[in-house]
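In case you want the letters, here they are:
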Amino acid sequence: MFTRRSAVLFAVSALLFGGTFVAAKTGLAHLPPLFFVAVRFDIGAIVLAAFAATHLSRAELRPRTVGDVAGILATGVLVIGLTNALLFVGQQYVTSGVAAVIFSLNPILTPVFAGLLLTDSRLSARGVVGMGLGLLGVVLVADPSPSALLGGGLGVPLLFAAAVTSAFGAVAIRRADATLSSTARTVWGVPLAAVLSHALSIGAGESVTSLSVPPVAVAALLYVGVFSGAIAYLAYFALIDETDATRANLLFYFVPIVSAVGGWALLGEALSVLSVAGFGVIFAGFLLVSGLSVRPSRIVRWVAPERFVGDRSA
């Protein structure tokens, strides 16, 4: 079940990750994809280093067990580094709608890996239905044409690989059973992702010597570096620890909603009635998987502080 704290972490993660697609669409028009990802995490690493210097002790940052090292590697290499490298490169070949649909296979793949690697993570029949509704809702929001889905060239397999890597990495973090906090793992993981992304950029032969970076691209970099490269990951990995990988990754059903609304508000993109219907279908699927009840009295008790909704008969 979701608590108030996990609900806040969920909302922050979905909102900030959703803005990534809007910022990426702007930044990729001016920067090579892997270099864009690398600089994004350079910025995020600086922000997290400043945060760690003022909020965490050396003891809190020091890995002590094999599980700590495994958790850091799963965080930095899989969930952050490779996932974003594959995602940003794949976005070059397909529309944002196709990208949203393919990457939203993540919540469906997560319980598959959880069932294989974790003994306490089995999805109920209600959860399976909810997963299906969530994916249907994403398709309604993104509204990609069949030809775009089938003719995306390298884009579709790259985006599918990103979804697989992200789902597997999230489960691997739970499997590692690290003693480090999610915050400490993120502080280690983001700079690790930056190093990996720079290596991939150099290996791919991306040229950055004659780049012209306009203010709009700088703004996009700052957003994906600070907000979705540092703050969002702090919230996301805390959410995995708070709930589990399957429930945490449900947020990727809501990312297309944020992207669609952001594209409509900031980029002038159309927001159709079908998309709005998709929002409702995604929410219905989320309720089924999460186990939340929609009874008004339960929502009031869940949202409001307990002292305000205690025994009213006194």
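Residues numbered from 1 in each chain as written. Predicted model: local features only at pLDDT ≥ 70, side-chain atom pairs only at ≥ 80, totals over all residues. Heavy atoms only, no water.

Peer 1: Before we go on, may I ask you to explain the overall build of the protein in this structure?
Peer 2: The helix and strand tally for the protein stands at 15 helices and zero strands. Taking the intrachain contacts of the protein between residues at least 6 apart in sequence as the baseline, contacts between residues at least 24 apart amount to 90%. When the accessible surface of the protein is summed, it comes to about 14300 Å², and 69% of that surface belongs to carbon and sulfur atoms. (Helix = DSSP H or I, 4+ residues; strand = E, 2+ residues; numbered from the N terminus. Contact = heavy atoms within 4.5 Å. Areas by Shrake-Rupley, 256 points an atom, 1.4 Å probe, with all protein chains shown as cover.)

Peer 1: Would you mind showing me how to read a nonpolar patch on the surface here?
Peer 2: Taken together, the side chains of V8, V12, F227 and I231 present a nonpolar region at the surface, about 310 Å² in accessible area. Going through the elements one at a time, α1 (4-27) and α11 (215-242) are the ones with two or more residues in the nonpolar patch. Relative to the elements of secondary structure, V12 occurs in helix α1. For V12, a relative accessible area of 31% gives the class partly exposed. (Patch = residues over 30% accessible without salt bridge, like charges linked within 9 Å, V, L, I, M, F, W, Y side chains within 5 Å. Salt bridge = Lys/Arg side-chain N within 4 Å of Asp/Glu carboxyl O. Buried < 20%, exposed > 50% of the residue type's maximum accessible area, 1.4 Å probe, protein only.)

Peer 1: Whenever I open this one, the pattern of salt bridges confuses me. Can you help?
Peer 2: When the charged atoms of two side chains lie near each other, side chains of opposite charge can form a pair. Taken as a whole and assessed by the stated rule, the structure comprises three salt bridges. Two residues, D244 and R247, come together in a salt bridge whose shortest N-O distance is 3.1 Å. By relative accessible area, which is 23% here, R247 ends up partly exposed.

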